[in-house]
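Close look at the chain arrangement
Next come the chains, spelled out residue by residue.
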Amino acid sequence: MKKLSFKLTKRRSLFIAYTAILIAISVALKFCSILLGSFSISFTYIPCFIAGMFLGPVSGGLVGLLGDIIGVLAKGATPSPFISISCALIGIIPGLIFMIKKWHPFIKLAISLVLVLFICTMGLSAYGTWLLVAAGANGKSFAAYWLIDRLPKQPAILAINAVIIYLLYYPLKKLIFDRMGNKVATNADIAKSEIAEVATTTNDNIEM
């Protein structure tokens, strides 16, 4: 029982450590992009997806949300609620999809990418960005901004991030996240372990 408790504690520690590292990477990537003329390629999807795929929706949501808020504040700007929620969902969506056991990981990743594209990139994030730039956007409507500014660029940026995520999946799984065992310890796992340990201790005391 103590061995099980140790494994759960180790998983919880690794969960916290990996989540914190991915939040830091997410913040750092806010300052990193590749400029190709007027086309700016960012890589902020990657840590959110990694957290969601390997650590679950809670970690994915935290990496997306805190990575955006801290990164924006570090730039001296004010976070947008729509964009922050969108960033959280970028991690939550793959976290939920990857809980489905029967599908191949790449199928789950493809479904996650499509959902993120429509819900986050072209939905909440697009609307939040439009609100931020509307004052200087020559009075563009949201539809015009979506068609002219978002549609030609954002799917391509997500596609570039998707290729990198696909390439990283198996190396990260094998070298890092498989060390956590088959799954991250949930609160239910930890509670069951603690109850069982208390019961074992009580029985030992009775026998004495």
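Counting restarts for each chain, with residues numbered from 1 along the sequence as it is written. pLDDT decides what is reported in this predicted model: residues at 70 or higher carry local features, side-chain atom pairs at 80 or more are listed and counted, and totals for whole chains, interfaces and linings draw on all residues regardless. Excluded from the side-chain calculations are hydrogens and water; all other atoms, namely the structure's heavy atoms, are used.

1. Comments concerning the overall build of the protein chain
- For the purposes of this entry, the term helix denotes a DSSP run of H or I that reaches at least four residues, the term strand denotes a run of E that reaches at least two, and both are numbered from the N terminus. Counting secondary structure elements, the protein chain contains 8 helices and 2 strands.
- For each residue, the accessible area found with a 1.4 Å probe, counting protein chains only, is set against the maximum for its type, and the residue is called buried under 20%, exposed over 50%, and partly exposed in between. Residues counted as buried form 40% of the 208 residues belonging to the protein chain.
- For this analysis, residues touch if any pair of their heavy atoms sits within 4.5 Å. The long-range share in the protein chain, meaning contacts at least 24 apart out of those at least 6 apart in sequence, stands at 73%.
- All accessible areas in this document rest on Shrake-Rupley with a 1.4 Å probe, and a residue is counted as covered only by the protein chains that are shown. Of the roughly 11,700 Å² of accessible surface on the protein chain, a fraction of 70% belongs to carbon and sulfur atoms.

2. Considerations on helix H2 (residues 45-55)
- Summarising burial for H2: 11 of the 11 residues are buried, a large majority.
- Just downstream of H2, Gly56 is the residue with a positive phi angle, here 105°.

3. Points about the packing of aromatic side chains
- Paired rings are identified among Phe, Tyr and Trp, the last through its six-membered ring, by centres lying within 6.5 Å, and are further divided according to the angle between planes into stacked (under 30 degrees), edge-to-face (over 60) and tilted (the rest). Per the stated rule, a full pass over the model turns up 12 aromatic pairs.
- Their ring planes at 85° and their centres at 5.0 Å tell us that Tyr169 and Tyr170 sit as a pair that is edge-to-face.
- You can call Tyr169 buried: its relative accessible area is 6%.
- The exposure class assigned to Tyr170 is partly exposed, which follows from its relative accessible area of 39%.
- Ring pairing ties together the aromatic residues Tyr18, Phe54, Phe98, Phe106, Tyr166, Tyr169, Tyr170 and Phe177, which thus form one cluster.
- The ring of Phe31 has Lys75 lying over it, and the distance from NZ or CZ to the ring centre is 5.6 Å. Ring-over charges, as used throughout, are those where CZ of Arg or NZ of Lys falls within 6 Å of the ring centre and within 35 degrees of the ring normal.

4. Some points on the side chain of Asp68
- Following the sequence through the fold, Asp68 ends up in helix H3 (residues 57-74).
- Polar contact is defined as a pair of N or O atoms within 3.5 Å, subject to the rule that within protein one atom must be able to donate a hydrogen and the other to accept it, and that residues adjacent in sequence are counted only when both atoms are side-chain atoms. At 2.7 Å, the side chain of Asp68 and the side chain of Ser84 are in polar contact.
- Those residues in contact with Asp68 that lie beyond four places of it in its chain are Lys30, Val63, Ile83, Ser84 and Cys87.

5. Comments concerning helix H7 (residues 154-175)
- Each residue after the first adds 1.5 Å to the expected span of a helix. In a regular helix each residue adds 1.5 Å, so 22 residues correspond to 32 Å; H7 covers 31 Å between its end C-alpha atoms and thus fits that length.
- Along H7, the sharpest change in direction is near 35° and occurs at Leu168; proline Pro171 comes one to four residues later.
- Buried within H7 we find Gln154, Ile157, Leu158, Asn161, Ala162, Ile165, Tyr169 and Leu172. We define the bend at any residue as the angle between the axes fitted to the seven residues before and including it, ending there, and the seven starting there.

6. Concerning the side chain of Ser80
- Turning to its location among the elements, Ser80 is positioned in the loop between H3 and helix H4 (81-97).
- Ser80 sits in the buried class, given a relative accessible area of 9%.
- Apart from residues no more than four positions distant in its own chain, Ser80 is found in contact with Gly128 and Leu132.

7. Re the nonpolar core
- What we call a nonpolar core is a set of buried Ala, Val, Leu, Ile, Met, Phe, Trp, Tyr and Cys residues that are connected through their side-chain atoms within 4.5 Å. Judged by nonpolar contacts, the single largest core of 37 residues is most densely connected at Phe49 and Phe177.
- When residues of this core are traced back to their parent elements, those giving at least two are helix H1 (2-29), H2, H4, helix H5 (105-133) and H7.
- If one sorts the elements of this core by residue count, H2 sits on top with 9 residues.
- Other than its neighbours up to four places away in sequence, Phe177 contacts Tyr18, Ile50, Phe54, Leu55 and Leu172.

8. A short note on the pattern of salt bridges
- For salt bridges, the criterion is a side-chain nitrogen of Lys or Arg within 4 Å of an Asp or Glu carboxyl oxygen. Summed over the entire model, instances satisfying the criterion amount to 2 salt bridges.
- In this structure, the salt-bridge partner of Asp68 is Lys30, at a minimum N-O distance of 2.9 Å. You can see Asp68 sitting in helix H3 and its partner Lys30 sitting in the loop between H1 and strand E1 (33-36), a full 38 residues away along the chain.
- Exposure remark for Asp68: the relative accessible area of 3% places this residue in the buried category.
- A salt bridge links Asp178 to Lys173, with the nearest nitrogen and oxygen atoms 3.3 Å apart.

9. Section: the environment of Gly128
- Examined against the element boundaries, Gly128 turns out to sit in helix H5.
- Here the alpha-carbon distance between Gly128 and Pro79, two residues 49 residues apart in the chain, equals 9.8 Å.

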